[in-house]
Amino acid sequence: MSKIKLILENSIRSLKDSDGRIGLLTQTILLAFLLVLTLTSGSVQHYLADNLDQMLGSDLVIESHTELDKDKIAKLTAMTGELAQTALANITLTHKDRWARARLKLVGANYPLQGTLRLSDGLGTTEQISQNGPKEGDIWIGPRLAARLGLNVGDSLKVGDALLRVDAILLHEPDRIMEGHNVDMRAMVSHTNTTAMLGNDNRALHRYLLAANVPQRAEIEAWVSNNMPAATLIKKHGGQHPLSAFWTRTENFLGLASVLLFFMGAVALDMTNRRWLAKMRYRLALYTSFGTPMKTGITMAVGEWLVTFIATTVAALLLAFAAFGLIIGEMQNIFPGLEANPDFIAAAKTTGLVFLLLLALKAPSFIQLAQSSLLSLIRTQSEGTYIWHRLVFGLLSVSMLAVAYSDNWLLTGMTLFAVVIALALMLLLTWSIVKVGNLWGRHRTGLLPFSFFIAQQRLIAKSAQIMGLGLCGLLLLFTMMLMRDLGGMMESHARTHDGNLLVSQAHEYHVQALEEWAGQTGSSIRTLKPFVSAQLVAINGTKLDDYMQKPSDTLATLKDPIRLSWADQIPENNRLTGGTWWAQDTENWQQISTEPEVMTDMELEFGDRLTYQIEGKSYDFTLVASHAFKSGASSITFWFQVPGIARQHIEAPTRYMGSMELPETAWPALARLWQAHPSLSLAPLKELTERFDRTLAMVTKVTSGYAAMVLLLSLFVLAASVSGFRADDRLKNGLLMSMGFSNRDCLRLNFYDWGITALIAAIGAIAGTWIAGSLIYEEQFGLTYRPDLVWVSATVLMMVSTVCLIGYLACRQSLKVSVRNLIAA
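This one's a predicted model, so the numbers in the text were calculated from it and none came from an experiment. (Residues numbered from 1 in each chain as written. Predicted model: local features only at pLDDT ≥ 70, side-chain atom pairs only at ≥ 80, totals over all residues. Heavy atoms only, no water.)

Peer 1: How would you sum up the overall build of the chain? Please name residues and give values.
Peer 2: What the chain contains, in helices and strands, is 24 helices and 22 strands. In the chain, of all internal contacts separated by at least 6 residues, the share reaching a separation of at least 24 is 83%. Just so you have it, the chain exposes about 37,100 Å², and 59% of that area is on carbon and sulfur atoms. (Helix = DSSP H or I, 4+ residues; strand = E, 2+ residues; numbered from the N terminus. Contact = heavy atoms within 4.5 Å. Areas by Shrake-Rupley, 256 points an atom, 1.4 Å probe, with all protein chains shown as cover.)

Peer 1: I'd like to hear about a nonpolar patch on the surface, residue by residue, with values.
Peer 2: On the surface, a cluster of nonpolar side chains totalling about 380 Å² of accessible area is made up of Tyr282, Leu286 and Phe290. Following the sequence through the fold, tyrosine 282 ends up in helix 7 (residues 244-289). The class for tyrosine 282 is exposed, based on a relative accessible area of 58%. (Patch = residues over 30% accessible without salt bridge, like charges linked within 9 Å, V, L, I, M, F, W, Y side chains within 5 Å. Salt bridge = Lys/Arg side-chain N within 4 Å of Asp/Glu carboxyl O. Buried < 20%, exposed > 50% of the residue type's maximum accessible area, 1.4 Å probe, protein only.)

Peer 1: An account of the nonpolar core is requested, with residue identities and associated values reported.
Peer 2: In this structure, Phe262, Leu358, Leu369, Leu423 and Leu471 are the most contacted members of the largest nonpolar core, which totals 64 residues. Broken down by secondary-structure element, the contributors of at least two residues to this core are helix 2 (18-55), helix 7, helix 8 (294-331), helix 9 (344-370), helix 12 (409-441), helix 14 (459-498), helix 22 (743-781) and helix 23 (789-814). If one sorts the elements of this core by residue count, helix 7 sits on top with 13 residues. Here this core gathers at least three residues from each of two domains, domain 1 (1-56 + 247-407) and domain 3 (413-499 + 691-825). Not counting the four nearest positions on each side in its chain, leucine 471 is found in contact with Phe263, Met264, Val267, Val419, Leu423 and Met426. If you look at the next biggest cluster of nonpolar residues, it comprises 29 residues, including Leu555, Leu610, Tyr619 and Leu623. (Core = buried A, V, L, I, M, F, W, Y, C linked by side-chain atoms within 4.5 Å. Domains from an automatic or database assignment.)

Peer 1: An account of the pairing of strand 4 (residues 117-120) is requested, with residue identities and associated values reported.
Peer 2: When strand 4 meets strand 5 (residues 127-130), the two strands line up antiparallel, connected through four bridges. For serine 120, the partnering residue across the bridge sits in strand 5 and is glutamate 127. Both strand 4 and strand 8 (residues 162-172) contribute to a ladder of three bridges, which runs antiparallel. Following the sheet pairing, arginine 118 is matched in strand 8 by histidine 172. (Pairing = 2+ DSSP bridges.)

Peer 1: Describe the confidence of the model for the chain, listing the residues and the values that go with them.
Peer 2: When pLDDT is averaged across the chain, the result is 76; 75% of the residues are at 70 or more. Contacts from residues 237-244, a stretch scored under 50 in pLDDT, to residues over four places away or in other chains number 20 contacts. pLDDT under 50 marks residues 490-497. Its contacts with residues more than four places away, or in other chains, come to 20 contacts. (pLDDT = per-residue confidence, 0-100.)

Peer 1: If you had to explain the pairing of strand 10 (residues 205-211) to someone new, which residues and values would you point to?
Peer 2: Along any regular strand, the residues point their side chains to alternate faces of the sheet. Of all seven residues that make up strand 10, seven are buried, and the element is covered over most of its length. Where strand 1 (residues 60-64) meets strand 10, five bridges bridge the pair, whose relative direction is antiparallel. Its bridge partner lying in strand 10, isoleucine 62 is registered against tyrosine 208. Two elements, strand 2 (residues 82-95) and strand 10, share seven bridges in a ladder whose sense is antiparallel. Bridging across to strand 10, leucine 83 finds its partner in leucine 210.

Peer 1: Which residues make up the side chain of threonine 94, and what are the values?
Peer 2: Along the chain, the position of threonine 94 falls in strand 2. When neighbours within four sequence positions are excluded, threonine 94 is seen to be in contact with Trp99, Leu157, Lys158, Ala671, Trp674 and Gln675.

Peer 1: Give me the environment of alanine 87: which residues, what numbers.
Peer 2: Of note, alanine 87 is situated in strand 2. For alanine 87, a relative accessible area of 4% corresponds to the buried category. Each C-alpha atom, one on alanine 87 and one on glutamate 63, is 9.4 Å from the other, the two residues being 24 residues apart in sequence. Apart from the residues lying within four places of it in its own chain, the contact partners of alanine 87 are Leu104, Lys105, Leu106, His191, Leu205 and His206.

Peer 1: I'd like a description of the packing of aromatic side chains, backed by residues and values.
Peer 2: This structure, assessed with the given rule, holds 13 aromatic pairs. For the pair tyrosine 612 and phenylalanine 640, a centre-to-centre distance of 5.7 Å together with 75° between the ring planes defines the contact as edge-to-face. Placement of tyrosine 612 in strand 18 (residues 609-614) and of phenylalanine 640 in strand 20 (residues 640-642) is noted, with a sequence separation of 28 residues between them. Here the aromatic cluster, defined as three or more aromatic residues joined through ring pairs, consists of Trp589, Tyr612, Phe621 and Phe640. (Phe/Tyr/Trp six-rings, centres within 6.5 Å; stacked < 30°, edge-to-face > 60°.)

Peer 1: An account of the pattern of salt bridges is requested, with residue identities and associated values reported.
Peer 2: Counted by the stated rule, this structure contains eight salt bridges. Residue arginine 186 pairs with glutamate 173 through a salt bridge whose shortest N-O separation is 2.9 Å. Of the two residues, arginine 186 is situated in strand 9 (residues 185-190) and glutamate 173 in the loop between strand 8 and strand 9; the sequence distance between them amounts to 13 residues. The pair arginine 186 / glutamate 173 is uniform in exposure class, with both members buried. For the salt bridge of lysine 617 with glutamate 651, the shortest nitrogen-to-oxygen distance reads 2.5 Å. With lysine 617 in strand 19 (residues 617-629) and glutamate 651 in the loop between strand 20 and strand 21 (655-661), the pair connects residues that are 34 residues apart, well separated along the chain. Among the charged side chains, a network of salt bridges with common partners joins Lys105, Glu173 and Arg186.

Peer 1: Can you break down the packing of helix 3 (residues 70-80) against helix 6 (residues 214-227) residue by residue, with the values?
Peer 2: At a closest axis distance of 9 Å, the pairing of helix 3 and helix 6 adopts a crossing angle of 160°. Overall, the two elements helix 3 and helix 6 adopt an arrangement that is roughly antiparallel. As helix 3 packs across helix 6, the resulting crossing turns out to be right-handed. Together, Lys72, Lys75, Leu76, Met79 and Thr80 of helix 3 and Gln216, Glu219, Ile220, Trp223 and Asn227 of helix 6 make up the contact between the two elements. A per-class count over the contact of helix 3 with helix 6 returns four nonpolar, three polar and three charged. (Axes fitted to C-alpha atoms, helices over the stretch in contact; angles between N-to-C directions. Parallel < 35°, antiparallel > 145°, perpendicular 65-115°, else oblique. Left-handed = near helix turned anticlockwise from the far one by under 90°. Nonpolar A, V, L, I, M, F, W, Y, C, P; charged D, E, K, R; others polar.)

Peer 1: Run through the environment of arginine 103, naming residues and quoting values.
Peer 2: With respect to the helices and strands, arginine 103 occurs in strand 3 (residues 98-107). Judged by its relative accessible area of 13%, arginine 103 falls in the buried class. Expressed as a C-alpha distance, the spacing of arginine 103 and leucine 88, which sit 15 residues apart in the sequence, is 6.6 Å.

Peer 1: Which residues make up helix 6, and what values go with them?
Peer 2: For helix 6, with 14 residues, the first-to-last C-alpha span of 20 Å sits near the 20 Å given by 1.5 Å per residue. Among the residues of helix 6, those classed as buried are Arg217, Ile220, Trp223 and Val224. Projected onto a plane normal to the axis of helix 6, the buried residues spread over an arc of 130° and lie on a single side. Among the exposed residues of helix 6, those oriented more than 90 degrees off its buried face are Val214, Pro215 and Asn226. On the buried face of helix 6, the contacting elements are strand 1, helix 3 and strand 10. (Expected span 1.5 Å × (residues − 1). Arc of directions from axis to C-beta.)

Peer 1: Help me get a handle on the environment of isoleucine 327, residues and values and all.
Peer 2: One can find isoleucine 327 in helix 8. Note: C-alpha distance between isoleucine 327 and alanine 340 (13 residues apart in sequence) is 9.5 Å.

Right under this line is the structure:
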């Protein structure tokens, strides 16, 4: 009991010291962040599962990008007895001189199968219930679409060749959950109007809602798996919500952000660990002098750390549950009816993960103590022996966290690579500048040469200090500056190479209409690239859902049809990154190339067999090459490309993607073009930029909270940097003053010391940000990263000034005591 009491007393004594408080706060912030993420994710997933049971609108939903033929519909109807058919298409609706892109839903006679529709006679009027969809010749529109087009109930709206009457404002659909996080404006018409409005060649998404009992569901699942490989089956009981994978990717992104936060926390903990080690050496030496075995002393040191972790866990749980309640309250605007349902098992697992991560950071210290002799415990040990242990274990901790959360290894790898390169650069700069400065000052007098001499004597400690501050600056810049520059760079690049109107999808009969319209309005078509719509259904004979189950943005995209293009030579805006591109006159048409990010996320290798469904037929291609985007030409590129001869073997209509340049006088005439061709998909660059800005604004809200976390941990790093080296600085100042140096001389010397530290750290942070920006822009967007030099210069100046000010205040505070106290401290 006396040992346990001593452990508790020492733990409380350590927490009263600034180093102990900084370590406790850092660990608490990191654990609380991951606990909030875990608790929120558990509640959202519970809500989505419950929401799926109540709002699917049927027992089963079959989703296919290919319309089923009459025989398959008859088979499904025979198996279940109740079937409702819907289809969704993106079209442009026009009214007078206004236009809006909308999601048009075409519903059959049996819709809705379960639940009711909610309508109104106008914006803000009383809500009504309907058991049936719109009648033939009528259209129901959402309130946002009505406001955008200036439409009221009773007005006429021409869609393609059909003239429809606005019969109601659509407020709610029982199967709206199928749209996931889609926020497009909406309209609904009867399925009998399909051909008149969309023609025969539109990429519509078809859904078949089925009512089925348990035996029927099992039979239907087996039949769909065997006969519809490209279809997606969603079931009410035990199924996965359409938003589930999206939320998992969001969770992974936030979890991955915690990797960078953990990096900073590790730096702060490493700096405070210097003082902890000094205290532990003193205590172990004291214990040993009383006859206590070294093993028992080490056990007591581990016990003190465990007590600190328990205190961390308690504080983090209180903080996490408070934040969890606030976040759930905010998210009820997105998920109505969301309630706090804490998953204590998941929280325990997260706590266990953080325990292992922190233990990995502390392990080098325990190893160092265990390998110490009594003499080495009394003497001051050099840090050089164990600095590599700390670095390796720190990287191991970060890697464990990345493995737990990353769903984009290419992006994660580039980010971590930039961090490692920046740390290596800071280490190189520190050693180079300090050694060169020491050589320069050997035959000179003054405080600056003397500051280089002192830095040379503390080179290992100074390197750790600089890398910590530099990493802190790197993450601050990486969070704020890249987000600041992204919007402007993307807009200017697209404007330079792709005109001001994007043609995202045009059929062959649209091309002639575009050429005629361009001639009439003085516009020009810059580029049109052909493609066919293809859906990846299997890899090496394994269904896509079975082959890759870890959610990612790439997998989510590949579950829908993609644009498959063809080229005999590598396009001018692409470059070969791996494998071998096919010969221009090749007869082997079943070859394919894809982008490196797709290969990484989907774990593809050259030689893999990719099976695509195109217009209901299956086609196999062998992966032989990878290509990446190259700036300098059009930004329109394709994830997958095949040889030109393959087009002769693929039975599918050709579609086009490209760009146009419109003069100001041509914009009002767009409504006329869309009225004649509502399925023509055009997107003005201004509209794309506005969408990007809205996304950026939403991301900024998330990153603002993240930046606040980074800033908080930055303060911890700075405080740990001052606190961790406080004893050394006090001893240095005491010796200098005993040799006749004045307070002013000590402050100047301190200013030189912190100025060199901050300047090297700032250079490393800027370099790391530049490396990260270059890698991400080149690999993800094929662009050249050009940072704002004024912003960079201001950031360096601010960082150096802040660090010097904090160091000055700390030094000034320490000089208020006597020389004897400074040396004795």
